[in-house]
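Each chain, letter by letter, is given below.
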Amino acid sequence: CNGVRNRVRHENPQALGLAGATGGRSLAAMSEQHNKQIVDEFIQALFTRGELDAVDRYLSPDFVNHNPTWPGQPGDRESMRAASEVMRAACPDWHSDLEELIAEGDMVVERFTASGTHESELMGIAPTGQTVTLPGINIFRLKDGKIVERWGVLDMLGFMRQLGAIPAAV
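Residues numbered from 1 in each chain as written. Predicted model: local features only at pLDDT ≥ 70, side-chain atom pairs only at ≥ 80, totals over all residues. Heavy atoms only, no water.

(A) Quick peek at helix α1 (residues 27–48). For α1, with 22 residues, the first-to-last C-alpha span of 30 Å sits near the 32 Å given by 1.5 Å per residue. Within two residues after α1, Gly 50 carries a phi angle of roughly 70°, on the positive side. (Helix = DSSP H or I, 4+ residues; strand = E, 2+ residues; numbered from the N terminus. Expected span 1.5 Å × (residues − 1).)

Okay, structure coming up:
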């Protein structure tokens, strides 16, 4: 890749696919496109559509979640399933909007903004009826068509402020 990052915006979903001729692209570039497609499909299935079995379809059995969303969660596949269950129970319209995907080798970086309407209790916080957003960045490593690792940073401080659990800065 010679340091050039492979970028895709969600407004151009065709760029995620592998359809058509390679157009001179290397197998590595095609593999990066395929990895981006896997990550996007996983996120949309699990968080936007609430398909809990996406964990079984897209994550390797030995998947490691280096940064589980909730304190005390194990760093395994179940932490991803639990994060989706919790968010979609509290915000039934929860969805993830892809801002950017960058792939290099076996790594895919996803920048996103998730949002939904807070309709049920979440982390002990009564429903607000407000739309809340959660921007974040995930880094995924893939092997043999499966996601094997995740590192993530979510704006939990901003999210908790939206829920009223933490006062806004003065």
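(B) Summary view of the pairing of strand β4 (residues 107–117). By the bridge criterion, 9 bridges tie strand β3 (residues 95–104) to β4 in an arrangement that is antiparallel. The residue bridging Ala 103 from the neighbouring strand is Val 108, located in β4. Linking β3 back to β4 in an antiparallel pair, the connection comprises 2 residues, with Gly 105 at a positive phi of about 60°. (Pairing = 2+ DSSP bridges.)

(C) Quick peek at the nonpolar core. Formed by 35 residues in total, the largest nonpolar core has its most connected members in Val 39, Phe 42, Met 80, Trp 94, Ile 147 and Phe 159. For this core, the secondary-structure elements that each account for two or more residues are α1, α2 (54–58), β2 (59–65), α3 (77–90), β3, β4, β5 (131–143) and α4 (156–162). The element best represented in this core is α1, accounting for 7 residues. Those residues in contact with Trp 94 that lie beyond four places of it in its chain are Phe 47, Thr 48, Met 87, Arg 88, Ala 114, Ser 115, Gly 116, Val 132, Leu 134 and Phe 159. (Core = buried A, V, L, I, M, F, W, Y, C linked by side-chain atoms within 4.5 Å. Buried < 20%, exposed > 50% of the residue type's maximum accessible area, 1.4 Å probe, protein only. Contact = heavy atoms within 4.5 Å.)

(D) Just empty space enclosed by the protein, in detail. Counted according to the given criterion, the structure contains 1 cavity of 30 Å³ or more. Space inside the largest cavity adds up to approximately 200 Å³. For the largest cavity, the lining is made up of 15 residues, of which Phe 47, Thr 69, Phe 112, Asn 138 and Leu 154 are closest to its centre. Every element with two or more residues in the lining of the largest cavity is listed here: α1, α3, β4, β5 and β6 (146–154). A breakdown of the residues in the lining of the largest cavity according to their chemical character gives 10 nonpolar, 3 polar and 2 charged. (1 Å grid on protein atoms, 1.4 Å probe; cavity = no way out; pocket = protein on both sides within 12 Å on 5 of 7 lines; lining within 4 Å. Points joined across faces, edges and corners; volume = space filled by probe spheres on them. Nonpolar A, V, L, I, M, F, W, Y, C, P; charged D, E, K, R; others polar.)

(E) Main features of the pattern of salt bridges. Within the structure shown, the criterion is met by 9 salt bridges. The partner of Glu 51 in a salt bridge is Arg 49, and the shortest N-O contact between them spans 2.8 Å. For Glu 51, a relative accessible area of 26% gives the class partly exposed. A relative accessible area of 48% means that Arg 49 is categorised as partly exposed. With its nearest N and O atoms 2.8 Å apart, the salt bridge here joins Arg 81 to Glu 78. Of this pair, Arg 81 and Glu 78 both sit in helix α3, 3 residues apart, which is roughly one turn of the helix. (Salt bridge = Lys/Arg side-chain N within 4 Å of Asp/Glu carboxyl O.)

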